[in-house]
Amino acid sequence: NQRLKSELAAIRASGPAAAAATAGSALAGAAAAAAGSPAKVAAPPAAAGTEAFTRQLELGVAWPAPGSKFWEAPPRSSPMPVDVGAGSSSVQPRDSRSLDVVHFTAELAPIAKVGGLGDVVHGLARTCLARGHNVTVIMPFYECLPQDQIEGLGFDMEIEVPKGKSWDGEIQVSSLKTAVYRGVIGGVPVILVRPADWDACNLFRGGRIYGGSYNEMESYLYFCRAGLEYLRCSGQQPHILHLHEWQTCAAAMLYWEVYSALGLYRPRVVLTIHNLDNTGECRQDEFGYTGATQQDAGRMLGHVTVTIASNKP
C-alpha cells in the first residue's frame, strides 16, 4: 500500500493531463495485449484527470479478506497499469548501504501472532531483508510455539541473565540461566530466549502467548534484559535496535543505563508503540525484575523521556 501511495504521488506530481495520458496508454496497451495486436494509444482528454487513474490503480489491489493470510499473498491481483520504474517491480530495490537491524518483539507472524503487532514486525523484517539489510528478530521462546514450524531450530548458547525475584515481599537480585535458540520463522531469522530450566520458573509457559500461567510484567522485563545480554555475550553491534510495544520498552533504559557502558556502543534505539490502548505500567520495585537494584531502578525511572511513534491516525 505504501508503494502504491508513493507511486501515485509521483504520477500526480506530473499533472492531471500526464496522469490521464499515462492511464490511457496503460489501458490501451493491456487491451491490445489481450487481443494479440499492437497497441494504438490515443491519449484521453485531460478531463479524465488523476481520479480515473486512481480508480485503475485500486482495481488491481488485492484487498485482504478477514482471517486470510494476507502477508503470504501478493499485494496486487493484476499488474500495475503503468510502468513507473523500479518501484513497480515485484523485486525490491536494494539500498546502497546495508544495516544490521535487531528487533525486540513479543509477537511475530505467522506462528506467534495475537493482533496486528506480529504482522507489522514480520512485514517490516521481510521488506528490510529484501532491500539488502541484515535483520534478526529476538523474541521470547513461548512454550506454546509450534516448533515444527520453526525452520532450522537449534540451540545457540546459554547465558546468565541478571534477574530479580520476589522473596519475602522484596525483590532480590540474582541471575537466571537462559537458553538461546536460533531459527527462521516465515522467512525471518529469529533468536528465541527462555529460561534454561522451565521447572525452576514458569516464564513464558502455558498454552497461549498472553494470559498464560506466568506474570507478564516479570516475564517481559526479564526478556528485555535477556535480549540485551545475548547481544553483549555474542559480541553483536547492530546499527539499529528496534523495540516494539510496551513489552520491550525497558530495553531502552537498560541499554543506555547499563549496556552502553558494557561495550554495546553502536545501536541507535527506536521504540514503536503500535497500540496506545495497551500500556505497560511498572512500579519501581517491579523494575527490579530486570536485575537492576532498587537504587538503579529509581535512577532510571526518575529521568525518563519517552517519544512515542504510533501507527494510529
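Fair warning: this is a prediction, and the values are worked out from it, not measured in the lab.

K.L.:
Looking at this structure, how should I read the overall build of the protein?
P.N.:
Looking only at helices and strands, the protein has seven helices and eight strands in total. Buried residues in the protein amount to 40% of all 313 residues. Within the protein, residue pairs in contact and separated by at least 24 positions form 70% of the contacts whose partners lie at least 6 positions apart. Total accessible area on the protein is roughly 16,100 Å²; 53% of this is exposed by carbon and sulfur atoms.

K.L.:
How do you make sense of the pattern of salt bridges when you look at a structure like this?
P.N.:
Opposite charge on two side chains permits pairing when their charged atoms draw close. Within this structure, the stated rule accounts for nine salt bridges. Among the ionic pairs, E229 bridges to R232, the shortest N-O distance being 2.6 Å. One end of the pair, E229, and the other, R232, are both in helix 5 (residues 216-234), three residues apart, so they sit about a helical turn from each other. Residue classification places R232 among the partly exposed positions, given a relative accessible area of 36%. D285 serves as the salt-bridge partner of R283, at 3.0 Å between the closest nitrogen and oxygen. When its relative accessible area of 32% is taken as the criterion, D285 is described as partly exposed. Among the charged side chains, a salt-bridge network with shared partners connects R283, D285 and E286.

K.L.:
What's the story with the side chain of E229 in this structure? I'm lost.
P.N.:
With a relative accessible area of 5%, E229 lands in the buried category. Excluding anything up to four places from it in sequence, E229 contacts I159, E160, V161, P162 and Y259.

K.L.:
Just checking my understanding: could you explain the packing of aromatic side chains for this structure?
P.N.:
Aromatic rings considered in pairs are described by the distance between their centres and by the relative angle of their planes. What the rule picks out here adds up to nine aromatic pairs. A ring pair is formed by Y220 and W246, whose centres lie 5.7 Å apart and whose planes are at 80°; its orientation type is edge-to-face. Of the two residues, Y220 is situated in helix 5 and W246 in the loop between strand 6 (240-244) and helix 6 (250-257); the sequence distance between them amounts to 26 residues. Of the two residues examined, Y220 and W246, each falls in the buried class. Arranged with centres 4.8 Å apart and planes meeting at 75°, the rings of Y255 and W256 form a pair that is edge-to-face. Here a set of aromatic residues connected by ring pairs shows up, and it is made of Y142, F204, Y214, Y220, Y222 and W246. The ring of F141 has R194 lying over it, and the distance from NZ or CZ to the ring centre is 6.0 Å.

K.L.:
I'm lost on the pairing of strand 3 (residues 151-167) in this one. Help?
P.N.:
Looking along a regular strand, one sees the side chains alternate between the two faces of the sheet. With 14 bridges connecting them, strand 3 and strand 4 (residues 170-185) associate as antiparallel partners. Paired with G164 across the strands is V173, a residue of strand 4. Count of turn residues in the strand 3/strand 4 antiparallel hairpin: two residues, of which D168 carries a positive phi of about 55°.

How each quantity is defined
- Residues numbered from 1 in each chain as written.
- Predicted model: local features only at pLDDT ≥ 70, side-chain atom pairs only at ≥ 80, totals over all residues.
- Heavy atoms only, no water.
- Helix = DSSP H or I, 4+ residues; strand = E, 2+ residues; numbered from the N terminus.
- Buried < 20%, exposed > 50% of the residue type's maximum accessible area, 1.4 Å probe, protein only.
- Contact = heavy atoms within 4.5 Å.
- Areas by Shrake-Rupley, 256 points an atom, 1.4 Å probe, with all protein chains shown as cover.
- Salt bridge = Lys/Arg side-chain N within 4 Å of Asp/Glu carboxyl O.
- Phe/Tyr/Trp six-rings, centres within 6.5 Å; stacked < 30°, edge-to-face > 60°.
- Lys NZ or Arg CZ within 6 Å of the ring centre and 35° of its normal.
- Pairing = 2+ DSSP bridges.

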